[in-house]
Amino acid sequence: MAETILLTGGAGYIGSHTYLALREAGFDVLILDNFVNAKADVPARLERITGAPVAVLRGDVRDPDTLKAVFRDHRIDGVVHFAALKAVGESMDMPIDYMQTNIGGLLNLLKAMEEGGCRRLVFSSSATVYGDTRVQPIPEDHPRTATSPYAFTKLAGEQILEQLTADWAVGILRYFNPVGAHRSALIGEDPAGHPNNLVPYVAKVATGELEEIQVFGDDYDTPDGTGIRDYIHVEDLAQGHALSLRALIETGMGHTVNLGTGQGSTVLQVIEAYSAACGRALPYRIAPRRAGDVAVLTARPEQARDLLGFQATRTLDDMCRSSWAWVSGQIRNATD
Ligand code: NAD
Ligand code: UFG
């Protein structure tokens, strides 16, 4: 019988792609989401892609009783915990809300799992736990530090999980920069308002919603002077979760791994790749550096390969093409 996996935050950007990867890997999946940062039609879109009903519960991880009821009413063999607030800037303005959702929600989940007898968990962490470091690419044993309330919640989450008893099997996945969209172009990243992150911003310039890209600094110590990041296709990232769960189930042992490609791209390279994907040279101007940005952030990806058999296969061009297919499809739908 297939294992049933609970995805908290499963209607969000990474969660919805992971839903599809887990279904493809043969898992049954139950989504729990309060839809604070997900569109209501995501489950219907997942149904269109899979051709099968999607099990969704609308609920909030800040409510312990909701989580306890999930484990009382369902046999859950493992959990992937995405549900969180994730904007670094916003976390500076509302640190308590970030801690309530990201740390309080995790604790509620762990208690419900303990009572429900489920001790397998995959946790969404972030390269943000490495802070501002010049060590590149970054290995998993690099010291951790919190440079924002958001980063603090991810670091605290990791540390809480490290305190659990030996009968728990926990996969801590540190994502680098997830971008792109599903090959169906039916799901993708859909940030409300003004995007903070590069690729969603570039996408809105490509669709004409925004006028030009601001490149935050061209005087970094990198080949073209702009910041370097380790962009990873969200479908590769989603696959990492299926492999993480499989490893937890088969070995009973936990792991902490970077999920990245190991390859960095500059801001100008991203703009060039996106311009090729959408078929026109996207306008940009050089702006001052953004506070808090580091020059380079790339993963050492070997541990994920060795422990999970994980290897990202999609290129920056694939990421930009899939993003463009998704955002341009959204516009076509809106004008049909
Ligand atoms: P997202 O906002 O698209 O997904 C998060 C989901 O959680 C949303 O569907 C939202 O509605 C839900 N949610 C939020 N608060 C909730 C609550 N109290 N109860 C129930 N559901 C709630 O974000 P994402 O990009 O898919 O990120 C998923 C996870 O990965 C997060 O934990 C995030 O911190 C982490 N992460 C993301 C990135 C990134 O660049 N996207 C990088 C590193 C780590
Ligand atoms: N950038 C621009 N213009 C923009 C937006 C970004 O030039 O409009 C540049 C940034 O300066 C940086 C690069 O593009 O050099 C990537 O920036 P993003 O905002 O897309 O991503 P970050 O690496 O800054 O942050 C992401 C997540 C954080 C997470 C961090 C580390 O958004 O939540 O990766 O994992 F903490």
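Residues numbered from 1 in each chain as written. Chains lettered and ligands numbered in written order. Predicted model: local features only at pLDDT ≥ 70, side-chain atom pairs only at ≥ 80, totals over all residues. Heavy atoms only, no water.

Overview of the sheet that holds strand 4 (residues 78-81)
- Spatially, 3-2-1-4-5-6-11 is the arrangement adopted by the seven strands of the open sheet, whose pairing is parallel. Only two strands of the sheet have a single partner each, and these edge strands are strand 3 (55-58) and strand 11 (255-259). Between one strand axis and the next, the sheet turns by 20° as a mean value, whatever way the strands run.
- The pairing of strand 2 (residues 28-33) with strand 3 spans four bridges and is classified as parallel. Bridge pairing in strand 3 links leucine 32 to leucine 57.
- Where helix 3 (residues 64-73) meets the sheet, it contacts strand 1 (4-8), strand 2, strand 3 and strand 4, and its direction lies at approximately 165° from that of strand 2. (Pairing = 2+ DSSP bridges. Helix = DSSP H or I, 4+ residues; strand = E, 2+ residues; numbered from the N terminus. Axes fitted to C-alpha atoms, helices over the stretch in contact; angles between N-to-C directions. Contact = heavy atoms within 4.5 Å.)

Observations regarding the site of ligand 1
- Taken together, the neighbourhood of ligand 1 is formed by 27 residues, with Asp33, Asn37, Phe82, Lys86 and Tyr150 sitting nearest.
- Between aspartate 33 and ligand 1, the recorded distance is 2.6 Å, taken from a side-chain N or O atom to an oxygen atom.
- Interatomic distance of 2.9 Å between a side-chain N/O atom of lysine 154 and an oxygen atom of ligand 1.
- When residues of the shell around ligand 1 are traced back to their parent elements, those giving at least two are helix 1 (13-24), strand 5 (120-126) and helix 6 (149-162).
- Element by element, the count of residues in the shell around ligand 1 is highest for strand 5, at three residues.
- In the shell around ligand 1, the residues fall into 13 nonpolar, nine polar and five charged. (Near = heavy atom within 4 Å. Polar contact = N/O pair within 3.5 Å; in protein donor to acceptor, adjacent residues only side chain to side chain. Nonpolar A, V, L, I, M, F, W, Y, C, P; charged D, E, K, R; others polar.)

Notes on the nonpolar core
- Among the nonpolar cores identified, the biggest contains 36 residues, and Leu7, Tyr19, Leu22, Leu46, Val80 and Leu259 are the most heavily contacted of them.
- With seven residues, the top contributor of residues to this core is helix 8 (residues 234-251).
- Leave out the neighbours within four places in its chain, and leucine 46 touches Ser16, Tyr19, Leu20, Ile31, Val54 and Ile187.
- Counting 27 residues, the second largest nonpolar core, distinct from the first, contains Tyr201, Tyr231, Ala277 and Cys320. (Core = buried A, V, L, I, M, F, W, Y, C linked by side-chain atoms within 4.5 Å. Buried < 20%, exposed > 50% of the residue type's maximum accessible area, 1.4 Å probe, protein only.)

Overview of the site of ligand 2
- Around ligand 2 there are 21 residues in total, and Asn197, Leu198, Gln214, Arg229 and Asp293 lie nearest to it.
- In this structure, arginine 290 approaches ligand 2 through a side-chain N or O atom, which is 2.9 Å from an oxygen atom.
- Considered on its own, ligand 2 offers 690 Å² of accessible surface; in the complex 89% of this is hidden by protein.
- Take the shell around ligand 2: its biggest share by element is three residues, from strand 8 (residues 213-216).
- Looking at the shell around ligand 2 residue by residue, the classes come out as eleven nonpolar, seven polar and three charged. (Areas by Shrake-Rupley, 256 points an atom, 1.4 Å probe, with all protein chains shown as cover.)

Quick word on the packing of helix 1 against helix 8
- Following both chains from N to C, one finds helix 1 and helix 8 inclined at 60°, their axes separated by 8 Å at the closest point. Comparing the axis directions of helix 1 and helix 8 gives the class oblique. The hand of the helix 1/helix 8 crossing is right-handed. Every residue of helix 8 that contacts helix 1 at Tyr13, Ile14, His17, Thr18, Ala21 and Leu22 is listed here: Val234, Glu235, Leu237, Ala238, Gln239, His241, Ala242 and Leu245. (Parallel < 35°, antiparallel > 145°, perpendicular 65-115°, else oblique. Left-handed = near helix turned anticlockwise from the far one by under 90°.)

Notes on unusual backbone geometry
- Residue glutamine 136 is joined to proline 137 through a cis peptide bond whose omega torsion reads -10°.
- For proline 137, the location among the structural elements is in the loop between strand 5 and helix 6.
- Within the chain, phenylalanine 35 stands out as a residue other than glycine whose phi angle is a positive 60°.
- With respect to the helices, strands and loops of the structure, phenylalanine 35 is situated in the loop between strand 2 and helix 2 (42-50).
- Despite not being glycine, alanine 185 has its phi angle at roughly 60°, a positive value.
- Mapping alanine 185 onto the fold places it in the loop between strand 7 (177-179) and helix 7 (198-206).

As for the packing of aromatic side chains
- As enumerated under the stated definition, the model contains one aromatic pair in all.
- Aromatic side chains tyrosine 130 and phenylalanine 176 sit 6.4 Å apart centroid to centroid with 35° between the ring planes, which places their arrangement in the tilted category. With a gap of 46 residues between them, tyrosine 130 in the loop between strand 5 and helix 6 and phenylalanine 176 in the loop between strand 6 (169-175) and strand 7 connect regions that are remote in the sequence.
- Tyrosine 130 sits in the buried class, given a relative accessible area of 1%.
- For phenylalanine 176, a relative accessible area of 5% puts it in the buried group.
- Its end group placed over the ring of tyrosine 220, arginine 289 keeps NZ or CZ at 3.9 Å from the ring centre. (Phe/Tyr/Trp six-rings, centres within 6.5 Å; stacked < 30°, edge-to-face > 60°. Lys NZ or Arg CZ within 6 Å of the ring centre and 35° of its normal.)

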